[in-house]
Amino acid sequence: MSVDTLDQGRSDSAAPVAPAIELIGVSKSFGPVQANKDISMTVAKGAIHGIVGENGAGKSTLMSILYGFYKADAGEIKINGVKTEITDSHAAIAAGIGMVHQHFMLVEPFTVLENVIMGAEDGPLLRPSLAKARKVLTQLAKEYELDVDPDAIVGDLSVGFQQRVEILKALYREADILILDEPTGVLTPAEADHLFRILENLKAQGKTIVLITHKLREIMAITDTVSVMRRGQMTATVPTAETSPSQLADLMVGRHVLLEVEKGAPNPGEVLLEVKNLSATDFQGVEKLKSISFNLRAGEILGVAGVAGNGQTDLLEILGGISPATAGEVRVKGEPIDLSKKASAALRRERGIGHVPEDRHQRGLVMPFQTWENTAFGYHNKPEFSGPMGLANQKAMLADAKEKIEKFDIRPTSPFLPASSYSGGNQQKIVIAREIENNPDVLLVGQPTRGVDIGAIEFIHKQIIALRDSGKAVLLVSVELEEILALSDRIIVMFDGVIQGERTPENTNEQELGMLMAGMNPEGTS
Amino acid sequence: MNKGLPKWADVLLIPVLSLLLALFVSGLVVLFIGRDPIEAVKVMVQGAFGKYGIGYTLYYTTNFIFTGLAVAVAFHARLFNIGGEGQAGLGGVGVALVLLSFNWPNWVVALIAASIGAAIFGAAWAAIPAYLQAKRGSHIVITTIMFNLIGSALINYLLVGPMQAPGMVPETPGFPEAAALPTLHDVFAVFGIAFDKNAPANVSIFIALAALVFVYILIWKTRIGYEIRAFGHSEKAAVYAGISPLKITMIAMLVSGALAGLMAINTVMGEAERLVLDSVQGAGFVGIAVALMGRSHPVGVLLAAFLFGILYQGGGELSFAMGIPREMIVVIQALVIMFTGSLENIVRMPVEKLFLRFNKGGA
């Protein structure tokens, strides 16, 4: 199956090679929402084709149609020039399509081998399949730099290796076309680079790759052609060499956007937040934070960089009063705060700590709540929202919601819609409006622009900087290095529960931060 | 997900269609045992709404309002209180202890005291599973079921032991005469309206109606209600907002248990006027169906409780008048619970599709 006589790269040979994927007039709607509108797209064989677009632009729907999760309302799909009905994922696999989902579809207590053969067993007995898979895996590992221990338990592997298992699963099923949905979201820069090398190797062997991402840098680095989606439509398909990140961003949003954040020099004042030897152990006895210390001043944004799961979440939750610490001390404006189990988020808010949580769907918002209920969430016991006899002052809550909707340009503007009916960007604006307008001294911000459209990112960044300029302290946790570099006045990098290094954005770059994030210490001390 | 569905269809059309479907299948069951389903409907309606029946229908409705509300309140905190049966039973113990401890001069004072006793005992019986859930993560469905059994055994013991009236019958002595609640016959007589004298429906129904209003205000107008709903939708979000899961679990279950316990003023104080074995008679479980069908909203609970009141009374009439065995009536009631509760999607999905097509055609 790995035989391919074609030369790699953009071969403009006259030989009439049918494109790997051809979509003609594909449409799909969910109720009143048109997720895909008359989409036509061609992906050349042996190419890496990027698809970019904001959240909700229809990228995932399109790929789900290609992989047989949804059936298109109209249009046709040709695979290698042959019209193909993809009714379910079995049909997709039979057509040579493999998919690496954003959230892995792996059985964690199973070994790599068991995961790989799952659903592709040859007979009722496992042994022959496992033996065959072991051979194939050894071969694939050599060919593509895809080394994984076949007998390792998947749950014990790092995220980067788990992703390789997903790719191996697709290749074991003899996929010629590989779709990757946001593959680098959970990877360190080094792991991402390795992934890209794997993709280049796959391409060299004639595989076709479709890469869905919202990171323009990746598109520029690795793709041959790129398609831009906006509001369910394919707005452009261009050779990557002939475009630029800012042009792509404009195409995604439909207007000119500033990718660079404009901000003045910081004017740091007194120390507002003082963290000393903070440690935390989870209920399984795993050390999540190992004696962390740092200071945060008024008028300053301190960025916390790191791959997800290296203690940043625990740091935010301890400071936000959600979970207890096991040791250490935290002072706000010089006064210690309660780090025991008795602490609560309500007490933190009284002490002037606001919190934009990393997960707005599960924490920051109550999804079925209407906006006027969500804009008071966590502050609902404040005197202005309280009526007599335990009643809520719903009039005041509503008036307050209307104010925030206006000031933060939350759309749609009705205060009576449940949070679930807003776009990611507008949901995040509800959270940010609530936390900023309650005038905290210290604002904890986790992943402020995750799943947020580019237009709203610009707005949210401006709000965070405005808060800094008004003399507040901001602790910014983000896995997006670009965001950390653009917003922070100082940067600390977390790895495995310790602060691996501290830098200023002027004196560092993504490479150096990436090494710190991977637990290495470039050029000595920090 | 149900974006295509207008609210009236969601709260009205789907339950009504589910109900019709359940009645249709019930009709098949009646046909199957060789009786006339049309005749059966007639008997049921007459049995439930007739001169003698309505007083029983309203009596059952009162029970189901209390137990339905109990399940509904807990459900807003995403706690599945299956323990209404036990909590209502213990409520009866509370009523009996209060009424037997003192020679009550008149029924108003007795009713207030008995209500407090019923509520406290019901709440206490819910408090233990609630605490175990909040502190130890013991699943409340399991613990409340177990507490139904424990409660039933406890009441058996009390009725053949410490609280037993002289004699061989497992029941308490009768309550003081003056503590007897006025029946609806007495109430309506004041206004000159005739009402069956023997029907058990009594003034407790007004307490049930007040409880409906209370629950509405509690859940939608108070800060505690806001916290209960937030916790019910997402515990993680509640913790983020500084809402204590322990506090909300306890409050929701205490209110829930108190409401279930209050049912005893209707049955134990209003009807039997003594505590007897099995005074709850499954009303605790019917409350689950009532809350599900009523969407945990007081208005829905009222309508669903009335429907189940009709089914209970009409069903009893059915076995009496047509000789349909009692077990078959239970089958019919179970069908209604099944179709309106757990099988709701059978109706929901086609209706949603229909609305989508209709909306598209209109657009």
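Structure's up top.
Residues numbered from 1 in each chain as written. Chains lettered and ligands numbered in written order. Predicted model: local features only at pLDDT ≥ 70, side-chain atom pairs only at ≥ 80, totals over all residues. Heavy atoms only, no water.

Student: Quick question: what am I supposed to make of the overall build of chain A here?
Tutor: In terms of helices and strands, chain A carries 17 helices and 20 strands. Counting every position in chain A, which comprises 526 residues, the buried fraction comes to 52%. Of the contacts made within chain A by residues no fewer than 6 positions apart, 66% connect residues no fewer than 24 positions apart. Just so you have it, chain A exposes about 23,000 Å², and 51% of that area is on carbon and sulfur atoms. With 52 positive and 69 negative side-chain charges, chain A shows a spacing of 4 Å between the two charge centroids. (Helix = DSSP H or I, 4+ residues; strand = E, 2+ residues; numbered from the N terminus. Buried < 20%, exposed > 50% of the residue type's maximum accessible area, 1.4 Å probe, protein only. Contact = heavy atoms within 4.5 Å. Areas by Shrake-Rupley, 256 points an atom, 1.4 Å probe, with all protein chains shown as cover. Lys, Arg positive; Asp, Glu negative; His and termini not counted. Charge placed at Lys NZ, Arg CZ, Asp CG, Glu CD.)

Student: What should I look at first to understand the environment of Thr57(B) in this one?
Tutor: Residues and elements named next belong to chain B. Locating Thr 57 in the fold gives a position in helix H3 (residues 53-76). As a C-alpha pair, Thr 57 and Leu 311 span 254 residues in sequence and 8.4 Å in three-dimensional space. Residues contacting Thr 57, with those up to four places away along its chain left out, are Ala 48, Phe 306, Gly 309, Ile 310 and Gln 313. Among the polar contacts listed, one links the side chain of Thr 57 to the backbone oxygen of Ala 48, at a separation of 2.7 Å. (Polar contact = N/O pair within 3.5 Å; in protein donor to acceptor, adjacent residues only side chain to side chain.)

Student: Help me understand helix H11 (residues 245-272) of chain B in this model?
Tutor: Within an α-helix, residues lying three or four positions from one another point in the same direction, as the helix has 3.6 residues per turn. All names here are of chain B. Across its 28 residues, H11 extends 39 Å between first and last C-alpha, which sits within 8% of the 40 Å expected from 1.5 Å per residue. In terms of burial, H11 is a largely internal element, 21 of the 28 residues being buried. Phi for Glu 273, located one or two positions after H11, is positive at around 60°. (Expected span 1.5 Å × (residues − 1).)

Student: Looking at this structure, how should I read the interface of chain A and chain B?
Tutor: As a measure of interface size, the accessible area lost when the parts come together is often cited. Taken together, the contact pairs 33 residues of chain A with 21 residues of chain B. For the pair chain A and chain B, the summed buried surface comes to about 2,300 Å²; carbon and sulfur atoms form 57% of the total. By the criterion of area lost to chain B, the three top residues of chain A are Arg363(A), Phe369(A) and His380(A), representing 22% of everything that side buries. Where chain A touches chain B, the interface holds 1 salt bridge. (Buried area = accessible area lost by both parts, 1.4 Å probe. Salt bridge = Lys/Arg side-chain N within 4 Å of Asp/Glu carboxyl O.)

Student: Can you help me understand the sheet that holds strand E18 (residues 473-477) of chain A in this one?
Tutor: Adjacent strands of a sheet form backbone hydrogen bonds with each other and so pair up, either parallel or antiparallel. Residues and elements named next belong to chain A. If you trace the 6 strands from one edge of the open sheet to the other, you get E16-E17-E18-E13-E19-E20, paired in mixed fashion. On the outer flanks of this sheet lie strand E16 (353-356) and strand E20 (498-503), each paired with one strand and no other. Shown here is a sheet whose adjacent strand axes are inclined to one another by a mean of 20°, direction ignored. In this structure, strand E13 (residues 300-305) lies alongside strand E19 (residues 490-495), joined through 4 bridges in parallel fashion. Looking at E19, one finds that Gly 303 is bridged to Ile 491. (Pairing = 2+ DSSP bridges. Axes fitted to C-alpha atoms, helices over the stretch in contact; angles between N-to-C directions.)

Student: Explanation requested: a nonpolar patch on the surface in the structure shown.
Tutor: Together, Val11(B), Leu12(B), Val16(B), Leu17(B), Leu20(B) and Leu23(B) make up an exposed nonpolar region whose accessible area comes to about 490 Å². Mapped onto the elements, Leu17(B) comes out in helix H1 (residues 7-32). (Patch = residues over 30% accessible without salt bridge, like charges linked within 9 Å, V, L, I, M, F, W, Y side chains within 5 Å.)

Student: Mind showing me how you'd approach the pattern of salt bridges here?
Tutor: Side chains that differ in sign of charge can pair as their charged atoms come close. A full pass over the atoms with the stated rule returns 28 salt bridges over all chains. In this structure, the salt-bridge partner of Glu171(B) is Arg274(B), at a minimum N-O distance of 3.3 Å. Pair noted here: Glu171(B) is in the loop between helix H6 (140-160) and helix H7 (184-190) and Arg274(B) is in the loop between H11 and helix H12 (283-293), with a separation of 103 residues, a long-range link. What you see here is one network of salt bridges that share partners, running through Lys263(A), Arg468(A), Asp469(A) and Asp489(A).

Student: Whenever I open this one, the side chain of Asn148(B) confuses me. Can you help?
Tutor: Residues and elements named next belong to chain B. Considering the arrangement of structural elements, one finds Asn 148 in helix H6. A relative accessible area of 8% means that Asn 148 is categorised as buried. Of the polar contacts made by the side chain of Asn 148, one reaches the backbone oxygen of Ile 82; its length is 3.1 Å. Excluding anything up to four places from it in sequence, Asn 148 contacts Ile 82, Gly 83, Gly 84, Glu 85, Gly 86 and Phe 285.

Student: I keep staring at the sheet that holds strand E2 (residues 33-43) of chain A and nothing clicks. Help me out?
Tutor: If you walk across this open sheet you meet the 4 strands as E2-E1-E4-E5 (chain A), and the pairing is antiparallel. In this open sheet, the two strands that pair with only one neighbour each are E2 and strand E5 (82-83) of chain A.

Student: Sorry, what's going on with the nonpolar core here?
Tutor: In a soluble, globular protein the nonpolar side chains are often hidden away together inside. Counting residues in each nonpolar core, the largest one holds 122 residues, and the members touching the most others are Phe377(A), Phe64(B), Val95(B), Leu99(B), Phe308(B) and Leu318(B). Discounting chain neighbours no more than four positions away, the residues touching Leu318(B) are Ala40(B), Val43(B), Met44(B), Gly323(B), Ile324(B), Ile329(B) and Ile332(B). Counting residues in hydrophobic clusters, the runner-up holds 36 residues, among them Leu113(A), Ile117(A), Ile167(A) and Ala175(A). (Core = buried A, V, L, I, M, F, W, Y, C linked by side-chain atoms within 4.5 Å.)

Student: Where do I start with the environment of His139(B) in this structure?
Tutor: Mapped onto the fold, His139(B) is located in the loop between helix H5 (107-136) and H6. Within the structure, His139(B) has its side chain in polar contact with the backbone nitrogen of Val141(B) (distance 3.1 Å).

Student: Would you take a moment to explain the environment of Ile117(A) for this structure?
Tutor: Residues and elements named next belong to chain A. For Ile 117, the position within the fold is in helix H3 (residues 112-117). When the C-alpha positions of Ile 117 and Glu 483 are compared, they lie 40 Å apart, and in sequence the two are 366 residues distant. Setting aside its immediate chain neighbours within four residues, Ile 117 contacts Leu 126, Ser 129, Leu 130, Ala 133, Tyr 172 and Arg 173.

These results come straight from atomic positions and should not be treated as a statement about function.
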